[in-house]
Amino acid sequence: RTGATVQHAGDWALVLQADRAADLTASPRRIALVLRESALEETQWGYLEAVERLLEGLRARGHEPFWLPFCPEDERFLGEVALCAAAPLERCWWNPRRMKQILATSAAVVSVGRLHPLVFAATTGTPAVSLAIPGRPPGTQPGKLHDLCVELGIAEAATVPEALTLFDGGLPPRPD
């Protein structure tokens, strides 16, 4: 926007082409949920309650949330905190082009602590929300997520209720 050449650590993701597999079609109700893994001993009960409220709130608004882990650790975390069965799971973290196609054909993505789903959303025009990691004190969220959201016009939410208000009456805004 300023004309300056900027190098992003995730530049590969900015230019990555999405798969064009014919087995995926756009869905106006599917919402991808990405939870960044964390150590089980650091995960508080309030985190799990917040994620369950997010799932319930999206469903109450007519959406179909599904898990989209971005690495094996994200998938393992979903199992450790017993959330795998709470929503369908798309398992293809080893194929970033497929992941990008899944996001491009989804109605929106909510990313909790993970950067690349937001980059993929921005480059596919998929509405996105960066949700602060529930239970973490203010000011301890990763700064690079905030910077990326500001730069690309991605909605940020500090709490689950704030994230859900972005879905009231439709979908969050599309990235710039």
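Every chain's residues receive numbers from 1 upward, in the order its sequence appears when written. Where totals are concerned, whole chains, interfaces and linings use all residues; where local detail is concerned, this predicted model gives features only for residues with pLDDT of at least 70, and gives and counts side-chain atom pairs only at 80 or more. With hydrogens and water set aside, each side-chain value is computed from the structure's full complement of heavy atoms.

### Digging into the packing of helix H4 (residues 96-104) against helix H5 (residues 116-124)
Helix axes use the C-alpha atoms of the stretch in contact, all axes being lines fitted to C-alpha atoms, and the angles between their N-to-C directions lie in the range 0 to 180 degrees. To qualify as a helix, a DSSP run of H or I must reach at least 4 residues; to qualify as a strand, a run of E must reach at least 2; elements of each kind are numbered from the N terminus. Interhelical geometry of H4 versus H5 gives an angle of 60° and a closest axis separation of 9 Å. In terms of axis orientation, H4 runs oblique to H5. Every pair of crossing elements has a handedness; the one defined by H4 and H5 is right-handed. Contacts from Pro96, Met99, Lys100, Leu103 and Ala104 in H4 reach Pro117, Phe120, Ala121, Thr123 and Thr124 in H5. Following the grouping adopted for this structure description, the nonpolar residues are Ala, Val, Leu, Ile, Met, Phe, Trp, Tyr, Cys and Pro, the charged ones are Asp, Glu, Lys and Arg, and the polar ones are all others, Gly among them. Per-class residue counts for the contact of H4 with H5 are seven nonpolar, two polar and one charged. Roughly parallel covers angles under 35 degrees, roughly antiparallel covers those over 145, roughly perpendicular covers 65 to 115, and oblique covers all other angles. Each helix crossing is assigned a hand: it is left-handed if the near helix lies turned anticlockwise from the far helix by less than a right angle, otherwise right-handed if that turn is clockwise. Only heavy atoms matter for contacts: two residues are in contact if any of them lie within 4.5 Å across the pair.

### Brief notes about the packing of aromatic side chains
Two aromatic rings from Phe, Tyr or Trp, using only the six-membered ring of Trp, form a pair when their centres are within 6.5 Å; if the ring planes differ by under 30 degrees the pair is stacked, by over 60 it is edge-to-face, and anything between is tilted. Summed over the entire model, instances satisfying the criterion amount to three aromatic pairs. Each ring, one from Phe70 and one from Phe120, has its centre 5.6 Å from the other, and the planes form 50°; the classification is tilted. Here the residue Phe70 occupies a position in the loop between strand E2 (64-67) and helix H3 (72-80), and Phe120 occupies one in helix H5, the gap between them amounting to 50 residues. Residues Phe70 and Phe120 agree in their burial class; the two are buried. Ring geometry for Trp93 versus Trp94: centroids 5.2 Å apart, planes at 85°, classification edge-to-face. Only protein chains enter the accessibility calculation, which uses a 1.4 Å probe; a residue is then buried when its area is under 20% of its type maximum, exposed when over 50%, and partly exposed in between. Judged by relative accessible area, which is 28%, Trp93 ranks as partly exposed. By relative accessible area, Trp94 is classed as exposed at 54%. Look at NZ for Lys and CZ for Arg. If either is within 6 Å of the ring centre and within 35 degrees of the ring normal, a charge sits over the ring. Cation over ring: Arg30 sits above Phe66, and NZ or CZ is 3.9 Å from the ring centre.

### Here's the deal with the packing of H5 against helix H6 (residues 143-152)
It is at 10 Å that the axes of H5 and H6 come closest, and there the two elements cross at 10°. On the basis of their axis angle, the class for H5 and H6 is roughly parallel. Together, Leu118, Val119 and Ala122 of H5 and Leu145, Leu148, Cys149 and Leu152 of H6 make up the contact between the two elements.

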